[in-house]
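Below are the chains, spelled out letter by letter.
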Amino acid sequence: MIELKNVSKSYDGKKNAVDNVTLNIHGGEIFGFLGPNGAGKTTALKLITGLLSPDTGSIAIDGFDIEKDAIEAKRRFAFVPDNPEVFTRLKAIEYLRFIGDVYGVDGDVRKARVDELSKKFGIADVLNQQIKTFSHGMQQKLILVGALLHDPDAWILDEPMTGLDPASSFTLKTMMREYADAGKTVLFSTHILDVAEKVCDRLGIIDEGKLIFVGTVNELRAHYQDDSSLESLFLRLVSDTENAAHGASFIE
Amino acid sequence: MKHFLILMRPLWSEMLANTSRGMGSISSRKKNKDKPRSRASTVLLFTFIIVMFSFYSVMIGIGLTKALMVVGAEDLFIRIIAMAAPIFTLVIGVLQAIPILYHESSLESLLVLPVKPSTITAAKLTQTFVPIFLLTTLLCYPSLIAHGIVSHRPWGYYVQSIPFMLYVTVAPFALTMILVLVMMRYTKLARNKDRFQLITSIVMILLIVSFSLLANMQTNDGIFETGGIFSDPATGALLNRLVKFLPTSAFSAAMLINADRWSTLLHSLVACVLNVVSVWLLLAIADKIYIRGVLGTKGGQSAKQLTAKEAARKLTPRSAYRAIVSKEWILLLRTPAFFTQTIFFVLIFPVIMAVGFAIGFLESPGTSEMGMNTIEYLRFWIMTGDWRHSIWIIALIVGGIATFFSGTALISASAISRQGAAFNISKRIPVPIRTQVLAWLTPGILLMTAIWIIITMALAFFLDMPLSLALIVFVIAIVNSYSMQLLGFLVDMKEPSLAWNNELEAVKNTRAGLVSSLGDFAYIGVSIGLAFLVRKLTSQNDLVVAIVVIAFYVVVAFLMTFLVKKTTRDLFQSIEL
């Protein structure tokens, strides 16, 4: 479970990139973070994973505060950033060993998981190569394998479909579903509304740092009394919020 | 030309940004997002470096000129510079060109622009040349001016000295680049950029070492008093012959030597034409092979597939500390820029010093009435037990050398910056900060310890040291090495340079590197000052002085440990990505 309480973050001390966000993401659900470019999605995910420190508010993962109980909180999630930044001179197998070591994954378990996941994402043949020889998509796949190595309670992904081929994208979506069905939390940001509509149990729409909607696609449709696609609902919501700044009423 | 100038704008900005990023003006700390960093400190550091290099250059210019004037060979100084500048260009060129020219992503972003490939090639070559030229000029030009003043050169000399620097660097640069480009395009060795960069860097550094040892072996005289090897007629003749092999240097030297005659214009013209021809040749060849060469290089080699058994073995669990240390070693050894700038430099530097000193000491004439060479005298001094009365001097010398070595060893001083954007992994793994810090410091401290074990054993062997003296030397060396490693690490953590494009930026010109490699002089100065102050206050009680100096080293080491323990958690937290 991921809990955000009144979280705000500003880079310049003037405008909040994330503005007073309160949100609960439960175990067993896939939660999609949507929003226009620069809305604050990546900042919010970086705050949740401890890459940034919030100016105000608190964030807890499975009850462990990311600032105060950082180590315990970090043990419980895996993060897949939008840009695969890894130690590119390591070989893929060395990177996976490193991840297994720092998360304390048992020897037999890690061997089995590396074997299974690397085959699933189609990188089993290149494990002995340096990561710098990999394409963007291959690096993304490697990070996905690394992220799942310690079987995290929460899986946080920033634009995970970027750079993935259709087969890997399908595998990823299936795995996200399997993870959520196993009672774990999946939180991901995306621009692809079609994916969000099909995969997510609930959505959070963020604009100019503010969370303007939290709920299911059907709840959004019910609000607008409109049966159209998520895309048109999303565009209406963002446009309404910019015009009237009344998004708070949508939040559960 | 218009497109060339347009292209040069971002490339020039990239060049400046790379340097200033290294100096900490673009970094990843939280506070920098609140307000733009003052450029004053960066400008101050640049000024300091320029003044320091200029000072050394001027001192060499004055010293050598005076010495050569005694033997009536002051013109030889101009030939020395005419030879030194191409050598600098060659060495710096080879070390710098590969990362700049073969930075593929930057080139790919230019290739998609509606600009002729030849313009892109010219722009990339200019981007490579400018820093090399500036550094060579910084090393040579002040001494050239100092030489002119000391040897009363005419005004034409100063006017001609400006094109001189261009003439003696452009053509060697062009020839060096042709060699690099041809190798990158046609040799199997260079198909792997990392391997090629590593090998060429090591060869270049070994060449420098060999040259300096050769110079050391040929002279025991102080270069500033007598001109050293350069005042030797045979060496002068050799240099004159060597200069002829570099026509641009030969004509440029003749241009300056004859600055008060009309023939200077003729020499200048020939030098200019030769340079233009070499640039034309470079551009013509580069136009044909550069872009194809870059796009044909690989960042690494494909490796054989792992069997299930091998994969299982390679996934054997370790502690988090060992995993981080192992990752650090792999990155240090596999990244050419990291390896050459940290490990190789650290390994080779003491060897140069040791061999140089050994040769100098063995060949030196009697240093005492007893007719011994320096090494024999030192052995005698140790054997008689007189060293016990001079422990403070031993402490200062060993402490100074250890501080200097450690200050120039940038392993810990680049521990954070080397991670670049991948620092996000360090931030989100569930490993206590203290463990990570210990792991980041381990390679630097281990390497310095290993080096000092070897140095101490070598000294003990050559000088017949008793165990007690060897231990004193080792402990003082380790304590000081440790302090400097921690200092560099702290500064790097405070001002990391994480947003770099090529690895050289992470280890060169960083604030941590500067502070640790320049701060060591201040530290050595303070320890020497303290020793002499205590000596004066205690009426030359050498035992007290020794105790105070060693205590000073230990206190500094404890202080650095305390600072690292106290501040790293907050510093770590405040690095934002």
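Here is what the cut-offs are and how they apply
- Residues numbered from 1 in each chain as written.
- Chains lettered and ligands numbered in written order.
- Predicted model: local features only at pLDDT ≥ 70, side-chain atom pairs only at ≥ 80, totals over all residues.
- Heavy atoms only, no water.
- Helix = DSSP H or I, 4+ residues; strand = E, 2+ residues; numbered from the N terminus.
- Buried < 20%, exposed > 50% of the residue type's maximum accessible area, 1.4 Å probe, protein only.
- Contact = heavy atoms within 4.5 Å.
- Areas by Shrake-Rupley, 256 points an atom, 1.4 Å probe, with all protein chains shown as cover.
- 1 Å grid on protein atoms, 1.4 Å probe; cavity = no way out; pocket = protein on both sides within 12 Å on 5 of 7 lines; lining within 4 Å.
- Points joined across faces, edges and corners; volume = space filled by probe spheres on them.
- Nonpolar A, V, L, I, M, F, W, Y, C, P; charged D, E, K, R; others polar.
- Pairing = 2+ DSSP bridges.
- Axes fitted to C-alpha atoms, helices over the stretch in contact; angles between N-to-C directions.
- Phe/Tyr/Trp six-rings, centres within 6.5 Å; stacked < 30°, edge-to-face > 60°.
- Patch = residues over 30% accessible without salt bridge, like charges linked within 9 Å, V, L, I, M, F, W, Y side chains within 5 Å.
- Salt bridge = Lys/Arg side-chain N within 4 Å of Asp/Glu carboxyl O.
- Buried area = accessible area lost by both parts, 1.4 Å probe.
- Polar contact = N/O pair within 3.5 Å; in protein donor to acceptor, adjacent residues only side chain to side chain.
- Parallel < 35°, antiparallel > 145°, perpendicular 65-115°, else oblique.
- Left-handed = near helix turned anticlockwise from the far one by under 90°.
- Lys, Arg positive; Asp, Glu negative; His and termini not counted.
- Core = buried A, V, L, I, M, F, W, Y, C linked by side-chain atoms within 4.5 Å.

**Things to note about the overall build of chain B**
Here's step 1: Along its length, chain B carries 23 helices and zero strands.
Here's step 2: Burial analysis of chain B (577 residues in total) assigns 52% to the buried set.
Here's step 3: Sequence-distant contacts in chain B: of pairs separated by 6 or more residues, those separated by 24 or more amount to 80%.
Here's step 4: Approximately 26600 Å² of chain B is accessible, and the part contributed by carbon and sulfur atoms is 72%.

**Considerations on the environment of A:D115**
Residues and elements named next belong to chain A.
Here's step 1: Mapped onto the secondary structure, D115 falls in helix α4 (residues 107-120).
Here's step 2: Taking relative accessible area as the criterion, D115 reaches 40% and is therefore assigned partly exposed.
Here's step 3: Sequence spacing of D115 and E231 is 116 residues, and the spatial spacing of their C-alpha atoms is 38 Å.

**Some details on empty space enclosed by the protein**
Here's step 1: On inspection of all chains with the given rule, the structure shows three cavities of 30 Å³ or more.
Here's step 2: By volume, the largest cavity amounts to about 70 Å³.
Here's step 3: Lining the largest cavity are A:A78, A:F79, A:Y95, A:I99, A:Y103, A:I143, A:G146, A:A147, A:H150 and B:R428.
Here's step 4: Put simply, the parts of the chain that give the lining of the largest cavity at least two residues each are β6 (77-80), α3 (92-102) and α5 (136-148) of chain A.
Here's step 5: Element by element, the count of residues in the lining of the largest cavity is highest for α5(A), at three residues.
Here's step 6: Considering only residue class, the lining of the largest cavity consists of seven nonpolar, two polar and one charged.

**Examining the sheet that holds strand β1 (residues 2-10) of chain A**
All names here are of chain A.
Here's step 1: In spatial order, the strands read β2-β1-β4-β5; together these four strands make up an open sheet with antiparallel pairing. Either end of the sheet is taken by a strand with one partner, and the two such strands are β2 (16-25) and β5 (64-65).
Here's step 2: With six bridges connecting them, β1 and β2 associate as antiparallel partners. Note that in β2 the partner of S10 across the bridge is N16.
Here's step 3: Each of β1, β2 and β4 (56-61) touches helix α1 (residues 41-48); the most contacted strand, β1, lies at about 120 degrees to it.

**Overview of the packing of aromatic side chains**
Here's step 1: Applying the stated criterion across every chain, the model contains 19 aromatic pairs over all chains.
Here's step 2: Seen in terms of ring centroids, A:F31 and A:F33 are 6.1 Å apart; in terms of plane orientation they differ by 80 degrees. Their pairing is edge-to-face.
Here's step 3: Take A:F31: its relative accessible area is 0%, and that puts it in the buried class.
Here's step 4: Aromatic pair B:Y523 and B:Y553: ring centres 6.1 Å apart, planes at 45 degrees, arrangement tilted.

**Digging into a nonpolar patch on the surface**
All names here are of chain B.
Here's step 1: A cluster of nonpolar side chains, L189, I199, V203 and L207, forms an exposed patch at the surface whose accessible area comes to about 300 Å².
Here's step 2: Here I199 lies in helix α8 (residues 193-218).
Here's step 3: With relative accessibility at 35%, the residue I199 sits in the partly exposed group.

**A short note on the interface of chain A and chain B**
Here's step 1: Contacts between the two partners involve 43 residues from chain A and, on the opposite side, 46 residues from chain B.
Here's step 2: Between chain A and chain B, roughly 4200 Å² of surface is buried when both sides are summed, and carbon and sulfur atoms account for 57% of that area.
Here's step 3: Note that B:R318 is salt-bridged to A:D101, the shortest N-O span being 2.7 Å.
Here's step 4: Run the count over chain A and chain B and you get nine residue pairs in polar contact (both at pLDDT 80 or more).

**Quick word on the packing of α3(A) against α5(A)**
Residue and element names in this part refer to chain A.
Here's step 1: Direction vectors running N to C along α3 and α5 enclose 25 degrees, while the axes themselves pass 9 Å from each other. When the interaxial angle is binned, α3 and α5 end up roughly parallel. The hand of the α3/α5 crossing is right-handed. Along its contact with α3, which presents A92, Y95, L96 and I99, the element α5 presents L142, I143, V145 and G146.

**Structural notes on the pattern of salt bridges**
Residue and element names in this part refer to chain A.
Here's step 1: Taken as a whole, this structure holds 23 salt bridges over all chains when the rule is applied.
Here's step 2: For R202, the salt bridge goes to E29, with nearest N and O atoms at 2.8 Å. Of this pair, R202 sits in strand β9 (residues 202-207) while E29 sits in the loop between β2 and β3 (30-34); the two residues are 173 residues apart in sequence, bridging distant segments of the chain. Each member of the pair R202 and E29 is classed as buried.

**Remarks on the side chain of A:K91**
Here's step 1: For A:K91, the position within the fold is in the loop between β6 and α3.
Here's step 2: Buried A:K91, no salt bridge; nearest opposite-charge side chain is A:E94, N-O distance 5.1 Å.
Here's step 3: Apart from the residues within four sequence positions on either side, A:K91 is in contact with A:L127, A:N128, A:Q129, A:Q130, A:I131 and B:R334.

**Observations concerning the nonpolar core**
Here's step 1: In this structure, A:Y95, A:W155 and B:W440 are the most contacted members of the largest nonpolar core, which totals 140 residues.
Here's step 2: When residues no more than four places from it in sequence are discounted, the contact partners of B:W440 are B:I324, B:K327, B:E328, B:A415, B:I416, B:Q419, B:F423, B:S426, B:F489, B:M493 and B:F572.

**What about the environment of B:A40?**
Here's step 1: With respect to the secondary-structure elements, B:A40 resides in helix α3 (residues 40-70).
Here's step 2: Considered as a pair, B:A40 and B:N541 are 501 residues apart in the sequence and their alpha carbons are 45 Å apart.

**Quick notes on the pairing of β9(A)**
Residues and elements named next belong to chain A.
Here's step 1: Most of β9 is tucked away: six of the six residues are buried.
Here's step 2: Both faces of β9 are covered, namely the face carrying R202, G204 and I206 and the face carrying L203, I205 and D207.
Here's step 3: Two elements, β9 and strand β10 (residues 210-215), share five bridges in a ladder whose sense is antiparallel. In the sheet register, G204 faces β10, and the bridge partner there is V214.
Here's step 4: Two successive antiparallel strands, β9 and β10, enclose a turn made up of two residues, where E208 displays a positive phi of approximately 50 degrees.

**Describing the environment of A:K41**
Residues and elements named next belong to chain A.
Here's step 1: Note on placement: K41 falls in helix α1.
Here's step 2: Under the relative-accessibility criterion, K41 is labelled buried at 5%.
Here's step 3: Spatially, the C-alpha atom of K41 lies 8.9 Å from that of A17, the residues being 24 residues apart in sequence.
Here's step 4: Residues in contact with K41, not counting those within four places in the same chain, are F33, L34, G35, P36, E159, S189, T190, H191 and I206.

**Digging into the side chain of B:T121**
All names here are of chain B.
Here's step 1: When you line up the elements, T121 lands in helix α6 (residues 117-150).
Here's step 2: Residue class for T121 comes out buried when judged on its relative accessible area of 1%.
Here's step 3: Those residues in contact with T121 that lie beyond four places of it in its chain are A286, D287, Y290 and I291.

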